[in-house]
Each structure stands twice: as C-alpha cells, then as structure tokens.
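# Descriptive analysis of the structure
If you want the building blocks of each chain, they are given just below.
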Amino acid sequence: MTQHNNISIAITGSGGSGAVTAGLILLEAMAQAGFYGLMQRSAGPQIRGGESAVMLRFADHELCGPADVFDLWLALDWLKVRRFVDEIPLHGGSQIISDPMIGEPPAEVTGQQAAFIDLSLKQTAATVEGGRVNMVGIGVLAAMLGLSVATMHKAIQKTLSDKGKAVISASLAAIEAGMRLVPSGSVPLTANWQVATGERWNISGNEACGLGALRGGVRFVAAYPITPASDMLEWLAPNLEKIGGTLLQAEDELASINMIVGASFGGVASLTATSGPGLSLMLEGIGLAVASETPITVVNVMRGGPSTGIPTKSEQADLNQALYGPHGDAPHLVLAPLGISDAVFTTQWAVCLAERLQTATIVLSDQSIGQARAIVSPVPETDMLCTRQTAQDIDGEYRRYTLTPDGISPMAIPGTPYGMYTADGLEHNEKGTPSSMAADHNVQLTKRSDKLLQTDYGEHWAEIAADDEAVADYLLLTWGSVSGVVSEGAGRLRDQGYSVTVVAVRLLMPLPLQQMKNALSGAKKILVVEHNYSAQFYHYLMSLGAIPQDASSLARPGPLPLRPGEIVTTMTGEQHE
Amino acid sequence: MTQHNNISIAITGSGGSGAVTAGLILLEAMAQAGFYGLMQRSAGPQIRGGESAVMLRFADHELCGPADVFDLWLALDWLKVRRFVDEIPLHGGSQIISDPMIGEPPAEVTGQQAAFIDLSLKQTAATVEGGRVNMVGIGVLAAMLGLSVATMHKAIQKTLSDKGKAVISASLAAIEAGMRLVPSGSVPLTANWQVATGERWNISGNEACGLGALRGGVRFVAAYPITPASDMLEWLAPNLEKIGGTLLQAEDELASINMIVGASFGGVASLTATSGPGLSLMLEGIGLAVASETPITVVNVMRGGPSTGIPTKSEQADLNQALYGPHGDAPHLVLAPLGISDAVFTTQWAVCLAERLQTATIVLSDQSIGQARAIVSPVPETDMLCTRQTAQDIDGEYRRYTLTPDGISPMAIPGTPYGMYTADGLEHNEKGTPSSMAADHNVQLTKRSDKLLQTDYGEHWAEIAADDEAVADYLLLTWGSVSGVVSEGAGRLRDQGYSVTVVAVRLLMPLPLQQMKNALSGAKKILVVEHNYSAQFYHYLMSLGAIPQDASSLARPGPLPLRPGEIVTTMTGEQHE
Amino acid sequence: MSESDAVLIKPKDYKTSVKPIWCPGCGDFAVLSAITKALAWMKLAKEEVALISGIGCSSRLPAYVDSYGFHGIHGRVLPLAAGLKVVRPELTVIAAGGDGDGYSIGGNHFMHACRRNIDMTYIVMDNRVYGMTKGQASPTTAADWDKSKLTPHGTGVPPFQPLSIALAAGAGFIARGFSGDPNQMSKLIVEAIEYPGFALIEVLSPCPTFRPEQKEWKHQVRQAEDIPLHDPVQAAEWLAADDGMSSGLIYHRAHPVWQALHEVGSTLADIEQEFRI
Amino acid sequence: MSESDAVLIKPKDYKTSVKPIWCPGCGDFAVLSAITKALAWMKLAKEEVALISGIGCSSRLPAYVDSYGFHGIHGRVLPLAAGLKVVRPELTVIAAGGDGDGYSIGGNHFMHACRRNIDMTYIVMDNRVYGMTKGQASPTTAADWDKSKLTPHGTGVPPFQPLSIALAAGAGFIARGFSGDPNQMSKLIVEAIEYPGFALIEVLSPCPTFRPEQKEWKHQVRQAEDIPLHDPVQAAEWLAADDGMSSGLIYHRAHPVWQALHEVGSTLADIEQEFRI
Ligand SMILES: Cc1ncc(C[n+]2csc(CCOP(=O)(O)OP(=O)(O)O)c2C)c(N)n1
Ligand SMILES: Cc1ncc(C[n+]2csc(CCOP(=O)(O)OP(=O)(O)O)c2C)c(N)n1
Ligand code: SF4
Ligand code: SF4
Ligand SMILES: [Mg+2]
Ligand SMILES: [Mg+2]
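Residues numbered from 1 in each chain as written. Chains lettered and ligands numbered in written order. Predicted model: local features only at pLDDT ≥ 70, side-chain atom pairs only at ≥ 80, totals over all residues. Heavy atoms only, no water.

### Some words on the overall build of chain A
Scanning chain A from terminus to terminus reveals 19 helices and 21 strands. Relative to the globule expectation of 25 Å for 577 residues, the C-alpha radius of gyration of chain A, 25 Å, shows essentially globular dimensions. Each principal axis of the C-alpha distribution contributes one length, and for chain A these read about 85 × 60 × 45 Å. Per-residue burial over chain A gives 67% buried out of 577 residues. Counted over contacts in chain A with a minimum sequence separation of 6, partners at least 24 positions apart contribute 75%. Total accessible area computed for chain A in this model is approximately 17,400 Å², and 51% of it derives from carbon and sulfur atoms. (Helix = DSSP H or I, 4+ residues; strand = E, 2+ residues; numbered from the N terminus. Rg over C-alpha atoms; globule rule 2.2 N^0.38 Å. Buried < 20%, exposed > 50% of the residue type's maximum accessible area, 1.4 Å probe, protein only. Contact = heavy atoms within 4.5 Å. Areas by Shrake-Rupley, 256 points an atom, 1.4 Å probe, with all protein chains shown as cover.)

Laid out in structure tokens, this is it:
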C-alpha cells in the first residue's frame, strides 16, 4: 500500500461484464463515505461488447493523477485482459480478486508477484435473483474499503437511478452478498483515513471544461462529434439550452469552427470542442478568427496521434499544432488545464481572454482529463475580467481595427447604429478595408501580436509549488494533465530530502517569459516533463530561450500514463549516472 | 548605378497599360542579347484592368534577388501609382522615364531625388498604326540598354507569338519609334557587360518547381487553384499529359491531398501545390500520409498571411505550419528552394526523399520565387536515389510496417500478389492491424521518426559559402527565397573587408544538426535572416539548440521584399551601436 | 425601429465608399445594386443587416454594402452566416459568393444549409468560372470548356446543377436571377428575405474577363412564366427540362424553419447542483 | 491473370484473420460477407482489388477483406479512392464507409464523385447514426430522433436523401441494399463493379447498439419491382414517392466515364526545350 492514505484499484472485464458501471458505483460510494477519488477508463476498440477497464484511485485528499501501481485488481474475467496488462502495473503487495471459475489468468498476469484472492463471485451472484458478478465484486471491494451497506445503497440509487427498481434491488442484494465474502473482522483499508466534511463534486474533466465554458459566458457551441471530446459537447447541449444558449450539430469541423466565428461576430461568446483530427480541419477558421479579431475558444481534447492514431487513449502531442498550426503569423492563445478541477477555471479563463483580447484561444485538455471522473472539492466561481470591449454610441467614422494603446479595438456588434463594417481575413487597414500596403500589414501584424504580449496575465499563468529553500535542487517544469503526476513525484523527492519546485504551466502561449525566468532562477537541475514522443514542450521552451540549454527532458508518448515513479527515477537516476 | 554590372528597372501602369507584357518582352530581349535577368510582378487587387508593376533586374551574371534601389523607372501613367511607391525605392541617380502628357506624378514620387526624363511617349505611339505606349516605352529602354532592333524583333516574335502578325508588326514599329527617342550617341548601359555564350533558360519559379516534380518522377497531381500556386498547376497540367501523367482538378484541398495519398498508395509519385489557406486544409491528409507511410509531396507557395492575408505578395510565414501543422507526433520533411533555378533541384529532391523515406514532404516556395521569372543557366538533371522500396516476390507473411534497420519497410503496391494489406492512419502493428498497445505505438512512432533522423542527407542540406578565413566575422544563416538577397548582402560585407559565411538551409526538417554545428563553429556573430514577422526560423533553430543563444535575428514581414542593404546595415549597424 | 432608420434610405445610401475591385462589365455590379435596392425597398436599417461571404471576386461584395459584413474564408460562407443567424435571429442575414466558393469547396455546407433551413438568403453569383484565381473551371462550367490551362481539354465532367441539388437537399425557396435584369433580381431578393427559411438565389452573373462569351447571356436569359412551382417532383421535372437560362422564382414551398430550443428559467447554479455528491 | 488467381477462391478466402470490432448483430457483418461473395463470384484476384474507406465502425471493413485496402481519414474515402483509380485504372476499386463519413463530413466529395464519374463502387453502410462516436444523429437520422444527448430534442432537420442527391448530382448507378438480404447485396455489388462509372450502393445496415429499433427493418424492407429506371426524371419521381425501404437497383444509365487524357510521345527533354532562350 502506498503512503499518504490512498489506494489504487483496477476493475477489468470483457464485453457486458459491467466493469465501468462497477467503477462508477464504487466512485460514488467512496464519495458518499467522505473520500476523494479518481476514475480513469480504458476501452478496447469495440464499441459495445468490448473489453473495458476502469482504473480507480481513492484517498482522503484530492487526487490528480494515477499512482505507480495498483493495490487491488478485481478481474471479472480474463478474456482479452492482455490488452490491459501493461496499463495495470502491480507490486509485491498487490492483490488480485477473481473467481477461479472464470479460468486461468494469462501468463502476463501470473508472471507478476501479486497475490490472488480467490472468491466464488459467480456462484455468489447466482444466489441473487438478477445478481451480477460485477456487483458481487464491488461488494467485496466495498467491504475491504470499509463502506457500509447504507453507503452502497445511496451510491446505487444515484448511479442506477434510470435503471428501474428491480435492477437497483438486485444490484444491492448482490453487493451485500459480495460484502459477506469478506471476513467480518478484517480491518478496512480506509481505517485511518480522514473523512471530509465539506461538500464535494463528482465531475468529469469534459464536464469541467463545459462548466468553465458556461461560466466564461459561452452561449453558443457548434459541434461535430469526436472521441474523446464528444461527451463535453453532449453535456453542453442540454445545459446550454437551460440558460438560453444553443448548441448546433454541424456537418463537419469546417462548419463548426466557422459557425462559432459567425456567432461571435454576432456578439455571443462561442466555443467548439474537438480532438486532433478535428483541430487540423479547424486551423483555417482559427486563422480567420485571429486575423478578423473575432473571439473564439476551441477546446482540443487530445488523444494519441498522429492521424487517427489511438482515439481512446491520452497523449499531449497536439501542442505543436495548437501553437503553430495556422498558416502565416497568427498570434493566439494556448492554455491547458492542469487537471480535472482546474479544467473549470482554465476553460473559463480561456473564454475570458478570448473575449477580452479578441482572438482565438485553444484549450489543450486530453483524454486523461476529459474522460476521467473525479471526486473533488467544489470549484468556486472565479471573478474574471471577461468583457469584450464593444463600440457603443458611435459618433463619427467607426474604425473596427483602430490602433489603441493596448491593441484592443472596440468591436461594433451587428445591430449597433453607425458601427457597420466588414470583418475581414484579408489584411486590412484600420477601417477594415482590404489593403496590401506594407504600412497596414505591419501595424496590424504588430497590433495583433502586441495585444497578447502586452497583457498582464497575473499569477494564473502557472501553478508554482516551491519549498522554503531559496534555491531548489530540482525544478520540475510541466504543463497540462501530467501536472498532477509531476506534483506527486515532487512530493516523493521531497520525502527523499530534496528541495523541489514544480512549475506547472497553464498559459502556454504567450508564455510570460519574465515570470518564467523568475520561477526558474537558481534551480540547479531542471526537468521538463510531458506526455508525447518528440518533447514538444521542451523544444518550445528552448525556442523562446525560456530554459537553460542544460535543462533535461522527460518526454514519453501515450497510451500509458506517466506515473510519479518515473519522475523520481528520471530525476535521481540521472543524477547518479 | 550599382556595381557589378547590373541594373534595376521598374515599369508601372494602370489597367490595360501593358506593363507586364512590356516586362516580359524586355526580359526575353535581354536574354536574347546574352544577359541574365529577373522579373518580379506586383499587382493590385483588381483581376483585370487593375494597376500593375514589373520589377526587372538585369546583369551579366545570374541574379537571385532584387537590388536595393531602382535605376530606371518607366511610368506608363501615374494612376494609382501610390500603391507601388514603397515597392520602388530610388536613389540619387535614378531616372524616371515618363511622358509629361500623362499628368503630374504624385508627391510620393516627386519627393524623391530621382531625375525625370520627359519623353513624348504618347505622341510617338500615335504615329504608329496600332502603336501602344508600353511598346514605345520599352523601345526607349531597349535603346538605353543597347539592344538592337534585331534582338527586339526576336523577343517580340517569341513573346507575342499567339497575338497574330498585325500586333507583332505594330509592336515592333512602336518599339523602333521608341528607340529613336534616345539620342543615338548615348553609351548603352550594358556597354562593358560580358555577353554569355552558353545556353540559358527563361523560366518562372513555379515552372521550375513543376519541372523538378516531373524530374522527381511525379506522374499524378491533384489541384485546387490558389494564388500564387495556380500557375505551377497550370504548367503541370499540359506537361504531365505529354509524358503519360495526369492532373485532376479537385473540388477542394481536402480532396486534392487525399487524392494524392490514394494515387501514391497505387505506386505513383504524386504531388499537389497550394498556398497557406490550402495547406491548412491539407494538414489532416498530410498526417495520414505520415502515419500510413505513404509518400507525397506538397509544394506550398507562400503568400502574405495570416488567413486570406495578402494573396499576391510574398512572405515566409508558413514555416511554423509546415514544421508543426499536423496534429500528433507526425515527423515529415520540410524543404525550401533557395531561388528560382534551385526550385528545380529542391522539388526533385523533395519528391525523391518522400519516395525513399515513405513520408510526406513539404516544399516551401513563395510568391517571390513562384511568380518571378528569370533568365538562368540551364539546370542540369541531378542523379538522385529516388526509388521507393517496394515489396516484390513476396513469400510468407507480408508485414507492411515491418521493422528494419533503416526504418523503411518495403511497400507492396496494389497488384502485387501476396502483398495485400490495409494502410492505416490508426496506430498499428507491423502488419498494419490497428493497435492501441503501448509497445506498438512506441516502435512505430520511433520508426517513423528515426527513418528520417538516421538518413544521411549529404551535402545538399544547405548551400554554404565561406571565405578562406578559418573563422568568419559574420555568419548569415537563412533559408528559402531570401537566400539570394542574403548572399548579395554578404558580398557587400566582404567588399567592406569582413569575412562572411552564408549558410542557406534547404533541408529545414529534419535539420542535420551536426552539419549545422560544423558550419556555424567559430563564427563570431550570427544573424538569422527571414521574411516573416515572428522570426519563425530563428525560434525553430533555437528550439533545436542549433544556434547559440546570442545569435541575432533579422525578421521582417512582407509585402516588401528584403533587400541586400538591410542585411548590411543590420550586421554592421548593430556592431557599431 | 432604430435610430439610423429614422430617415428614408435610398439604394445608394447602402453603398460604401470602397471602390469595387471588379473588372469593368462584371456582372457582380448589378448584384450589388440589386441588393441595395432591395434593402432600400424593405426599409431595412443598415445595422440590422449582415452580409456574409467567402472568397472570390463575388465574395468581395460585403465591403461595398454599408451594412455589417464578414468576408470570411473560401467556401465557408454558409456556416459563418448560420452561426450569426442562430445567435441573432432578429438580423437580416444575407450570404453571398461565387460558384466556386459555394458549389466546389463549399458544396457540403450548401447541401446541409438547404436541409437545415436556417432563415437566411443565399445569393450565388454564378459565372461558371473561378474569376479571382484567373479563370479555372468551376463546378458549373461546361464539360468541354477548354480555355483553362488547368483543364486543357475541358473538365470532362458534366456541370453541377445547383438548383436540382438544392431541391434534392430540401431547400424551399429556389430562384434564378440574372445580372442583366437587376429589377427582377431586387424583387427576388426581397422575396427571399421575406421567405422564412433558407432561400437560394442563383444569379447568372457574367465574367467578361474570363468568359467573354457570357455577354451573350443577355440574349439567352428569359423570365420563365409557369413558375413558381410548389411540388418538389414537378420542380425536379421542370429543372430537368430547363436549359438553365430561365429566370424567376422557380420553387416555393414552406418548410419548418430551424429553431433553437430553450428551456429558460435555470441558472448556472442549478446546473452545478448535478455535480454535488 | 495473376499467380494467386490460379486456384478458385471462395468467399471466405477473401477474409483476413483480423477480428471485426463490430458489435454482435451489427449490419456491417453482412456487408462484409456480401463483398467477399461478390469478389469470389467475379473471380477477382485479391491483389487486383482495393477497398478504401474513411473512419467509422463501417469504415473498419477494409482490414477484414484480404485485398489491398486503405483505412483513411474521416470523410475522405472518395478522393482517396479516386486518386488510386486514376493512376491504376486496371484495379477494382471499392470505396466503403458510413452515413456520417459519406454524407456529413464527406458530403462534398460525394456530390462531386457522382458528377466526376470515375469508375468505382461506393458502398455506404447507412445506419442513420454515428456508431463509432457512440450514437449521435447523422444526416440520414429522422428529425425527431431524440436519443442522442447532442440533440436532445432531435436534430429538427429533415433527413438527407442520399439517392436523390446522387441522382441530382449526376450518378448513373443508384442502388439500395439491405444487410438482411446479403444475396441481393452481393448481386448489386457485382453489378456495381461491372458498371463503368461511379456506382452507389446505399445499404440499410442496422446498428443494434444505438438504433435497436432498426431490428424492425427486416419487416419493412422489400425488393422493389418496377426498377431499374433509366430516366432521371422518372427516377426522381420514384425516389420522392419511396419510403426509403425499397431495395434493388433503382437507377441505371450510362454516362461518360472520367478518363485521363494523354498525348504520349514526349519526353522530359522535349518539355525542357520550352525554357530555352
Ligand atoms: C482554401 C482556399 N483555397 C483556394 C483559395 C483560392 N481561391 C480564391 S477565390 C477562388 C475561387 C473563386 O471562384 P468563385 O467562388 O466562383 O468566385 P468568382 O471569383 O468567380 O466570383 C479560389 C479557388 C482560397 N482563397 N482558399
Ligand atoms: C475529422 C474527424 N472528425 C470526427 C471524427 C470522429 N468520428 C469518427 S467516426 C465518426 C462518425 C462515424 O459515423 P458513420 O460514418 O455513420 O459510421 P458508423 O460508425 O455509423 O458505421 C466520427 C464523427 C474523426 N475521426 N475525424
Ligand atoms: S475576373 Fe470576372 S468575376 Fe472577377 S471581377 Fe473580373 S469580370 Fe468579375
Ligand atoms: S456501434 Fe452500431 S454500427 Fe458500430 S459496430 Fe456496433 S452495431 Fe455496428
Ligand atoms: Mg465564379
Ligand atoms: Mg453510421
């Protein structure tokens, strides 16, 4: 069992075995019991009836990434488990709960050092009318975790509310039967965990982005489905409706990006969400938003690339495209949430910045955030300067792209008298009339670039966790979803006696260079951590001269998540070489 | 008159004045007379009847870029000349040839120090049946340049061959009348120029790319028109036909990129050409070519950006997109021709590398190369290793993506018995079967990256011009179209006594880092020169650690071309500051 | 009724001072006039009108009309216009562009806009050529037109039938105008704006520069008499028999207009409730 | 006739060992069988066949057929197939995919492929849903289908009519098959492959996972009797009257096939001559 009161549990099963449902119920039950948790999913390529796995982690404090190894593994069957075996690292103390009746585990599993807890899950399920093995299995886990029947009841009620009474009571009976398989005297694994008293949320990363969008004022979304972004769009559709907004399903991403540009031109904060292949198709439209200074936000939920890649797995490999995808010099903003809760804040901030700076903002979430679900403290609403500067009471000639000290030109919204102008992706003069004169090109390029560079983004550009030491031994520099894992790795390094600073960057472009320099100053050894093959963030930082040339890089592609232990070994291992 | 036997001439006129025709005739005439030349165009936004300008430069040696200033300016009228004034810098000795009858030149012109040569061009034209002012004008220029009537005759015959006899003889008569306006005793401006004896070509940059493509073996092109790439496609259409190839006009760029992927899968070297907005739409298809290891070549003729930008003007601002546009880790090649002649070689090489390495190659030409026309020495055919490794006589199980020492897997071309496989943009195992396993992802990512990184690209990655000195005072590092201007600037610096090395990079990605280091080693001062706003090449070099952190950057956007003088002042100016 | 609508506006008041880039004799001039005439006729306040376009000679039009405008990117005029109309239903949204913009690169949006039936007017200035890029064949170009170097023997592809496609895709308002008859065109534009839903006006708008033979259109185009039709099968038949030179409102039928649905009354706080344990 | 064609090939020989990702009961299994049956029937050598697709459940098909294949990107199956066929006219090129792939994101290529008439077969497995992305509405989904969270009240948009669009776009071979009738489908595939030009087979291929009600199709689909039609106006009429559940070869008409033109005899050296002064 790893330190700090947390436990990791995998549940696997083939088609129809109900691993995902089991995971959702256990997550909700642990939440009801006053704990925090994180649930990530892994699915095979089959749409339905395919194998699937859920990776759970619970603790008495907020979690933001996977552990190194799993403590418990509930195997509902062994069919196709090979597909998951590399995603479920075990340790000497790991325990595998399964029913011998489901057959022999494959060599990849038995080859590991874990102990097997053999239980007659199937037979137990058969004793209950409508009882299913997955429910018996979570009964076992519930008992081991010290969850009460009442808690399980609540969790079932909530999770299966739309399944009808019969299913609910059968499930509960099976869970109770499962609980009885655990010797009653056993010490619950959560014995010395602290129980939270305050309110908490059960939220997925995609929902968190959606909520951040609504908080940022988004009232129009155009959508084309794509894994792993679809469920953000599916969450947004009914919820936008409730507050007077609209979601429109488009024929493709070329349409969706241009629809949000049109809607934003109409004065309404607008957003779309997609993943790599869709972002590729949106780049021309993003360039139009930049050139015409029309605020838009695009959430890109990254998946394994290149091309169609690995649609259901996580990777941080679209950074380069987000930074540099549009043609020409097209300055825009790129942000990345540092975890599930942070997706609320970061998405809201992205929308606000787009509106304020009249540009395109790309938010880089990924599958490991988007499709994961966590028990977290409620995310309070943040006050932000979100307003788009509009032109009102226009008197005299209106110049849409007029030069101002901060580079932001008040925008006339259709309907505003005397504000008529034509927005344009062609280079233009201050009025918006197309121009190919060097003077116009130069001032407009400068305006569009400077308005971003001259903004004070405040403290939110990164989360910086430093020790008291004036100078850190180690500085871990990272971004986006892997920030949680990096922080956990940092904690271990601190336990080993090192002083460690973590800089987790939320605002990737434009990168506040002076603040970055301050944050890095004096660090003895810098490691840049990211989840892609070609060290995109590291090279980006190099390109800006933001890191010293002797900074190291830890870049590894998906589909396997980065784990805290890798941070530790990379850091200390290199040192001893 | 600038040194080194060269002269720069601008011809401007409003709609229908025939400035472009005049330029083409003069270029051909100077070629007939044994000289070299370069003609660039500048047009207003109007399709026809709009103002236009041609910028000519002639010399007794090959030219590869504009001069700092114009020596002669033939103004056919003054309408809308303001649009061009910043493109026609003058010097104290410049002479403006015009007819006082066309009215007053605007203040922007008279404000400069140039001398006016007033001639009665209009009246002279009226003396000839069907005579036009532009022809009289080039008659004047011809006489000043010392061109004979016979030479002008040949040039007219060739340039106006499809206009019919009447036009030809009227033009010739007008030219002769114009020649007579120049006092017969004048010393021709080319008096001490050397006349070339060997063969020369009159070729545009777009034609040069087209020729390079054909030499590289391209036999299929899919096309969607876009300025300034269209005339490459229009040159390719009839010429492909002649040698058994095909050009297909597609409904959009999404179609054209996927058509060439399909054709290449069929075993035929395939290419498309576009400009920024089209490249944006092609990125998803380029990623597919990379992931499925299907060779394709995309020529991007850059224009002013972002978005629709300035379609008729040149800029090097799509570098970032070419390097980093596709989503995911999608290693591919990026090359750039260093001038018009070099476009033949570079495009051929790009096609060859795509075929050999089974990947996507992007060629970054631009408007200043593509739409310019030059008199150059014939470009000899270069022997290259162009062959795609195919699988033949397949025995046993065929693995399309099999791991090999050089990362290149023999490709079975449809029709090959026992070679059946399915190419895929999904991550796959060696057979090509979709896989989301970490092991497969890792080896295939590595394979696709390493096959590019481990190739020895030989000496052609850059043109390096170094002085004899062991260590250069100045090192000018550049790429693509501005290389010519940089070289000319270097020449001037050498004249001033500095030792200067020029490194003009042709293979931008992957950049041969060791060779780059060798080329740069010891340079006292490095300047990176490029034609865009945000110093994309400079930052790219930084991102690779390819240049020292104290290297300087000279980055300026279009539409005005970089000029040799800017290189000189940036280099020496900075030093004296 | 807005402030700037207080005085009577004349067609020329709807023109900006930006000089069109169009060649002399270009058919698009007449379209510009027909639009401003229609706006004046309908007494629409300038600020309540938005003209949206893609890229092409024809797509330059918005800059010449003194309304709100968006000159977007090639082929994306309809999504751009759709996004605007959905969030600002009270505006009069007119999309405009060329045959290349609308039927080639933009063909998918064209079909789906016909189906989706968002309330807007779409004016396609069809000159059967790509004017802006100097004379390549467009989808509506005849298969044997061999004047483009890109297709030296012609495209070999039968021309795209925009009106038949619109009909098959579900459009309820299909008209053909002609630059040589700006009065009829104005009338069509008024009817299109008044039509609730997606209204297509295909305009035969000659390109004298690259298709000089289109000057003949003025002798060929005629107003059709037996229209509008209201039955889609009859309309399909009529279109199949037509030579493409009949002008007027060809097909008119009411279809449900795309509508955003709202269940108002909730707040963001209500939505956040769902996350609570 | 190639080496591997020497022995007689059975339908199952055209299957690879890759296990389909499809859900139990998915209609696409029948399409796979119908294709392999058609190939065996026609005795096509495996290496002379290429199956090209986009992205979607249905688009996974090429990996299951032991021919050459390309599983491309979403919506681009037709250009991918066109490029291949143009340079390798002797191959049998079959494009395949779903309704989302072909009619939503790929709609523009669909129209233009119908016009261009390159000789290939296009099989659309229409399940009126996006299967792969877990159940959103596709263009062919009924306007009031409200089971997708993305469109909680339905799309509000009348379904796309692929056959009418194909007809209006100029396709000369239009058929409808059904997964429940694989023999008819095989026959249609053979006819489509034999048809010189672009041949569309729209297949009603149920998605039991997201559209369980499509299991009813087996009671609804019937072979039509009065077909094929050869006149486009009649076909339009027929399609307008049809409820979408009639199967068979609906429309068949010869159209000129797209052909690359070559004037052979020149060499690269000849071409280079033109540059000489
Ligand atoms: C993505 C993209 N591809 C190509 C172009 C080049 N382009 C500009 S206008 C145009 C076609 C214009 O034809 P049409 O829409 O018929 O308008 P017209 O000029 O004839 O009025 C093209 C291909 C572009 N701007 N963007
Ligand atoms: C550019 C792009 N956008 C979106 C997606 C996500 N996507 C994958 S398949 C699919 C739709 C599949 O529907 P359909 O073509 O009907 O196939 P089915 O799964 O129903 O057989 C979508 C939207 C993608 N892969 N690429
Ligand atoms: S090229 Fe043709 S379409 Fe374009 S402005 Fe000129 S006449 Fe009009
Ligand atoms: S989701 Fe539907 S279409 Fe996809 S495999 Fe399953 S049944 Fe078939
Ligand atoms: Mg046109
Ligand atoms: Mg489908």
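### Considerations on the coordination of the magnesium ion (ligand 5)
All names here are of chain C. Protein coordination at the magnesium ion (ligand 5): the donors are Asp 99 (OD), Asn 127 (OD1) and Val 129 (O), at 2.0 to 2.2 Å from the metal. Read from N- to C-terminus, the donor residues coordinating the magnesium ion (ligand 5) fall into the pattern D-x27-N-x1-V. Assigned by exposure class, Asn 127 and Val 129 land together as buried. (Donors = N, O, S within 2.8 Å, 3.2 Å for Na, K, Ca; no water.)

### With respect to the state of the cysteines
Residues and elements named next belong to chain A. This model, assessed by the stated rule, comprises two disulfides over all chains. Disulfide partner of Cys 352: Cys 386, at an S-S distance of 1.8 Å. Here Cys 352, found in helix α13 (residues 340–357), pairs with Cys 386, found in the loop between β14 (373–376) and β15 (422–424); they are 34 residues apart in sequence, far enough to count as distant. Sulfur of Cys 209: no disulfide; nearest cysteine sulfur belongs to Cys 352 and is 14 Å away. (Disulfide = S-S within 2.5 Å.)

### Remarks on a negative patch on the surface
Taken together, Asp 231 and Glu 237 of chain C together with Asp 231 and Glu 237 of chain D make up a surface patch of like negative charges. Topologically, Asp 231 of chain C is positioned in the loop between β7 (222–223) and α8 (232–241). The class of Asp 231 of chain C is partly exposed, set by a relative accessible area of 31%. (Patch = residues over 30% accessible without salt bridge, like charges linked within 9 Å, V, L, I, M, F, W, Y side chains within 5 Å. Salt bridge = Lys/Arg side-chain N within 4 Å of Asp/Glu carboxyl O. Lys, Arg positive; Asp, Glu negative; His and termini not counted. Charge placed at Lys NZ, Arg CZ, Asp CG, Glu CD.)

### Some thoughts on the coordination of the magnesium ion (ligand 6)
Protein coordination at the magnesium ion (ligand 6) comes from Asp 99 of chain D (OD), Asn 127 of chain D (OD1) and Val 129 of chain D (O), with a distance range of 2.0 to 2.2 Å. As a motif over one chain, the donors of the magnesium ion (ligand 6) read D-x27-N-x1-V.

### Some words on unusual backbone geometry
With omega at 0°, the peptide bond leading from Gly 305 of chain A into Pro 306 of chain A counts as cis. Checked against the element boundaries, Pro 306 of chain A lands in the loop between β11 (296–302) and α12 (319–324). Cis rather than trans, the peptide bond between Gly 558 of chain B and Pro 559 of chain B has omega equal to 0°. With respect to the helices and strands, the residue Pro 559 of chain B is situated in the loop between β21 (552–555) and α19 (564–576). Residues other than glycine seldom take positive phi values, yet Ser 307 of chain A does so here, at roughly 50°. Positive phi, close to 75°, is recorded for Lys 134 of chain C, a residue that is not glycine.

### Quick look at the sheet that holds strand β10 (residues 270–274) of chain B
Residue and element names in this part refer to chain B. The strand order across the open sheet formed by seven strands is β9-β8-β10-β11-β13-β12-β19, and the pairing between neighbours is mixed. Both edges of this open sheet fall to β9 (246–249) and β19 (507–509), since each of them pairs with a single strand only. Across the sheet, the mean angle from the axis of one strand to that of its neighbour is 25°, orientation sign disregarded. Pairing analysis gives four bridges linking strand β8 (residues 220–223) to β9, with the strands arranged parallel. (Pairing = 2+ DSSP bridges. Axes fitted to C-alpha atoms, helices over the stretch in contact; angles between N-to-C directions.)

### Observations regarding the relation of the copies chain A and chain B
Each copy of the sequence occupies a distinct position, and chain A is placed on chain B by a rotation of 180° and an axial shift of 0.0 Å, giving an RMSD of 0.0 Å. Those values place the two copies in the arrangement expected of a two-fold rotation axis. Of the interface residues in chain A, 100% have counterparts in chain B that sit at the interface too, so the contact is made through matching surfaces. (Least-squares fit on C-alpha atoms with pLDDT ≥ 70 in both.)

### Some points on a positive patch on the surface
Together, Arg 41, Arg 48 and Lys 163 of chain A together with Lys 134 of chain D line one region of the surface with positive charge. Mapped onto the fold, Lys 134 of chain D is located in the loop between β4 (120–126) and α5 (162–168).

### Quick word on the interface of chain B and chain C
The interface is formed by 25 residues belonging to chain B together with 29 residues belonging to chain C. Taking both sides of the interface into account, the surface hidden between chain B and chain C amounts to around 2,100 Å²; carbon and sulfur atoms contribute 57%. Considering only the side of chain B, the residues that lose the most area to chain C are Ile 47, Glu 234 and Gln 249 of chain B, jointly responsible for 31% of the buried surface there. The interface formed by chain B and chain C contains zero salt bridges. Along the contact surface separating chain B from chain C lie eight residue pairs in polar contact (both at pLDDT 80 or more). Among the secondary structure elements, those contributing two or more residues to the side of chain B that touches chain C are α9 (230–242) and β9 of chain B. The biggest single contributor to the side of chain B that touches chain C is α9 of chain B, with six residues. (Buried area = accessible area lost by both parts, 1.4 Å probe. Polar contact = N/O pair within 3.5 Å; in protein donor to acceptor, adjacent residues only side chain to side chain.)

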